[in-house]
There are 2 protein chains.
Amino acid sequence: MAIEDTNTSPESYPMVAGDGPQSYAKNSTFQKGFVEATKGMVAASIVEKLDLRSMGIDTSRTLQIADLGCSVGPNTFIAVQNMIDAVEQNYQAENQNPSTLEFQVLFNDHSNNDFNTLFKNLPPNRRYYAAGVPGSFHGRLFPKSSLHIVHVSSALHWLSKVPIEVTDSNSSAWNKGNVYCTGFVEEVDKAYAAQFNSDMESFLDARAQELVPGGLMLILIATLPDGIPLSKTIVGKHYDFLGSCLYELAKMGLLSEEKVDSFNFPVFFPFVGEFEKLIRRNGNFSIERMDMFTHPLIHKAQSAEYWVPLFRASFEGLFLKHFGEQVVDQIFNHYSKKLEQNISFALNGITHEEIELFIVLKRN
Amino acid sequence: MAIEDTNTSPESYPMVAGDGPQSYAKNSTFQKGFVEATKGMVAASIVEKLDLRSMGIDTSRTLQIADLGCSVGPNTFIAVQNMIDAVEQNYQAENQNPSTLEFQVLFNDHSNNDFNTLFKNLPPNRRYYAAGVPGSFHGRLFPKSSLHIVHVSSALHWLSKVPIEVTDSNSSAWNKGNVYCTGFVEEVDKAYAAQFNSDMESFLDARAQELVPGGLMLILIATLPDGIPLSKTIVGKHYDFLGSCLYELAKMGLLSEEKVDSFNFPVFFPFVGEFEKLIRRNGNFSIERMDMFTHPLIHKAQSAEYWVPLFRASFEGLFLKHFGEQVVDQIFNHYSKKLEQNISFALNGITHEEIELFIVLKRN
């Protein structure tokens, strides 16, 4: 066994560190929406689906919970507390004393995530032992059969890398003139989908080894209605709009066109049907529950003030790496100004909503 | 169960962060000396004393190793690799295939330790799953019976706090005119010893709960020959010399005398016999091995160039907190200049060497 080096992975872009005004810690209300919208479903799934006895919790009494792609908080702390409350409720329902349980929570993100801020913000009177686990969730992170619950929220859409073909000028999937796969070039969409499939396969294989039999994986992910291109949804429109701003900046001479052509977002939103097929094909998990839900903020999110800090907290690291520190402020200023002026245009032509998916898997 | 908040502990002073010229990462040769001097003893203890079969490793095949007070590396990575090599050797000696073993290494230090640097510096092709665990080792850090090996090197001399009496002007243990317990005032020495005893009791109780029966704890700590005051040793002389520099700066008007009076190092070096008694009194561990060794660098360490960066990397955080950022450079500059001029005086009157102790405990 040798653990692969995920430290130098060229494609890990942490959320904005610290807790300053542009930090992820201060600009993750959208991601928080996922956590809050699924609070009841998460709790109910754990109460109903987690068979503590069959996992041997009667004798060992320690539960290991991992939150993958946790960033720096506070959302991860809310999600974790919700899961622990549900486990206790489950245990109590079996006439067991929940105060005899111990929890170890493993907070995972890339090794360049700001773990110092995460640790500083840990809830003071937490009911668990906390650990930070650095590395990519596309590979192994934990020992065999060591986890009882895995939670991954607003994180699985990150690819391990931009598919090679879309930056290759000799490929039919070369994504010149665009920065994403929102449905304009079929080959581009296919290359992105292939990358996502391969990443998900690695992800599911790794988790299958780490979860104990009967262990649960709770996934929150944004998906697309089958056959609907991303460009017809509010999120897709925003990616396209940000792309058009980058090309404007290239025309204005601030960025080279070549640099914009070689830029692509390493994220992907799968079709809901395809996502389900991927899990069934992997074969290590049963699907215990699959619910669609509406993001509680999606309808309020019609303003530039909403989108700009959110995109910046999520993508600043990506932009820094690709375009360099000296232009990042200008990029976001231009994007912000254009979005304020064109918010109705930016939202024009949206025919579908993306589907927020809550899915509960059980390790066979 | 509620995990105590160790985040806001007033008395945790991390080693200097990052990997700049004054960082712990670049100035921990002294601490590295401990690791190197004990490499063979650590390996032999694990090979001889760790009964993998009785701990159930045959079935679970995952070993949990914790390094407490790990700081940011690189010493911790060297120590960890050495332990893993020894476990593999042990396993192989029982005709088992060591490549089937998995290791999870839990790197612990205070939550204001620079875990970001620790994670960045993790060896690329490591043979273990890594996790960072923030918090004070004077309390619980891990679930019950979850660890197989605990390693704590050059860290147990840190107290959880300066004993209250030594900063209380109404106490007979008030340490006015000194910054440490090097043997000039009996009541001060007693107050420090009582704090150390209480801290060690908490430490041993916590580890007793976390280690599996048969699990090993390997301790490397500097101790004193029974009955010899610290001021008669090279390390004690250095603390006293640094104290005299602080009082000089008070006379020069840079620091207030009151501020220096209220300053005390929160570290303690126990008498070797007392340390052994403490462990026996706790009763949760058997002493499997107890060896004294000479620090490989202690005789070379006769120069200011050696001591100043070492003390700064270890104590800058402490000085920052007590005296404020604006004077820390001046304190270390003055100390450095005085030590260069007076190195022979600083080393005068040393009659004994401290005893570097390597001790192996087994959980009953």
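The structure reproduced in this document is the subject of the present report. Please read all numbers here as calculations on a predicted model, not as lab measurements.

### Topic: the overall build of chain A
When helices and strands are counted, chain A shows 12 helices and 7 strands. Relative to a compact globule of 364 residues, whose C-alpha radius of gyration would be 21 Å, chain A shows 21 Å and is just as compact. Across the 364 residues of chain A, 60% fall into the buried class. For chain A, the share of sequence-separated contacts (at least 6 apart) that also reach a separation of at least 24 residues comes to 83%. Counting only carbon and sulfur atoms, one obtains 49% of the accessible surface of chain A, whose full area is about 13,900 Å². Where the 30 positive side-chain charges of chain A centre and where its 42 negative ones centre are 3 Å apart.

### Some words on the interface of chain B and chain A
Each side of the interface is counted separately: chain B has 37 residues, and chain A has 37 residues. Taking both partners together, chain B and chain A bury about 3,200 Å²; carbon and sulfur atoms supply 52% of that area. Run the count over chain B and chain A and you get 2 salt bridges. Linking Arg-140 of chain A and Glu-102 of chain B is a salt bridge whose minimum nitrogen-to-oxygen distance equals 3.3 Å. Counting the contacts that link chain B with chain A gives 12 residue pairs in polar contact (both at pLDDT 80 or more). Residue assignment for the side of chain B that touches chain A shows that the elements contributing at least two residues are strand 2 (102–109), helix 5 (115–120) and strand 3 (129–134) of chain B. Ranked by residues supplied to the side of chain B that touches chain A, first place goes to strand 3 of chain B with 6 residues.

### Things to note about the packing of helix 7 (residues 234–251) of chain B against helix 11 (residues 325–341) of chain B
Residues and elements named next belong to chain B. The interhelical angle for the contact between helix 7 and helix 11, taken along N-to-C directions, is 120°, at an axis separation of 10 Å. As far as their axial angle goes, helix 11 and helix 7 are oblique. In terms of crossing hand, the pair formed by helix 7 and helix 11 is right-handed. The residues of helix 11 that touch helix 7, namely those facing His-238, Phe-241, Leu-242, Cys-245, Leu-246, Glu-248 and Leu-249, are Ile-331, His-334, Tyr-335, Lys-338 and Leu-339.

### Focus: the side chain of His-138 of chain A
Residue and element names in this part refer to chain A. Among the secondary structure elements, His-138 is positioned in the loop between strand 3 (129–134) and strand 4 (147–153). Classification of His-138 as buried rests on a relative accessible area of 17%. Sequence-distant contacts of His-138, defined by excluding residues within four places in its chain, comprise Trp-158, Leu-159, Ser-160, Asp-199, Ser-202 and Phe-203.

### Describing the packing of aromatic side chains
The tally for this structure, following the rule as stated, stands at 52 aromatic pairs over all chains. A centroid spacing of 6.1 Å and a plane angle of 55° characterise the contact between Phe-107 of chain A and Tyr-128 of chain A, whose relative ring orientation is tilted. Remark: Tyr-128 of chain A occurs in the loop between helix 5 (115–120) and strand 3 and Phe-107 of chain A occurs in strand 2 (residues 102–109); sequence separation between them is 21 residues. Phe-107 of chain A gets classed as buried once you look at its relative accessible area, which sits at 0%. For the pair Tyr-192 of chain B and Phe-268 of chain B, a centre-to-centre distance of 6.5 Å together with 15° between the ring planes defines the contact as stacked. Here Tyr-192 of chain B is found in helix 6 (residues 186–210), whereas its partner Phe-268 of chain B is found in the loop between helix 8 (257–261) and helix 9 (272–282), with 76 residues between them in sequence. Exposure remark for Tyr-192 of chain B: the relative accessible area of 0% places this residue in the buried category. Since its relative accessible area comes to 10%, Phe-268 of chain B is described here as buried.

Conventions used here
Residues numbered from 1 in each chain as written. Chains lettered and ligands numbered in written order. Predicted model: local features only at pLDDT ≥ 70, side-chain atom pairs only at ≥ 80, totals over all residues. Heavy atoms only, no water. Helix = DSSP H or I, 4+ residues; strand = E, 2+ residues; numbered from the N terminus. Rg over C-alpha atoms; globule rule 2.2 N^0.38 Å. Buried < 20%, exposed > 50% of the residue type's maximum accessible area, 1.4 Å probe, protein only. Contact = heavy atoms within 4.5 Å. Areas by Shrake-Rupley, 256 points an atom, 1.4 Å probe, with all protein chains shown as cover. Lys, Arg positive; Asp, Glu negative; His and termini not counted. Charge placed at Lys NZ, Arg CZ, Asp CG, Glu CD. Buried area = accessible area lost by both parts, 1.4 Å probe. Salt bridge = Lys/Arg side-chain N within 4 Å of Asp/Glu carboxyl O. Polar contact = N/O pair within 3.5 Å; in protein donor to acceptor, adjacent residues only side chain to side chain. Axes fitted to C-alpha atoms, helices over the stretch in contact; angles between N-to-C directions. Parallel < 35°, antiparallel > 145°, perpendicular 65-115°, else oblique. Left-handed = near helix turned anticlockwise from the far one by under 90°. Phe/Tyr/Trp six-rings, centres within 6.5 Å; stacked < 30°, edge-to-face > 60°.

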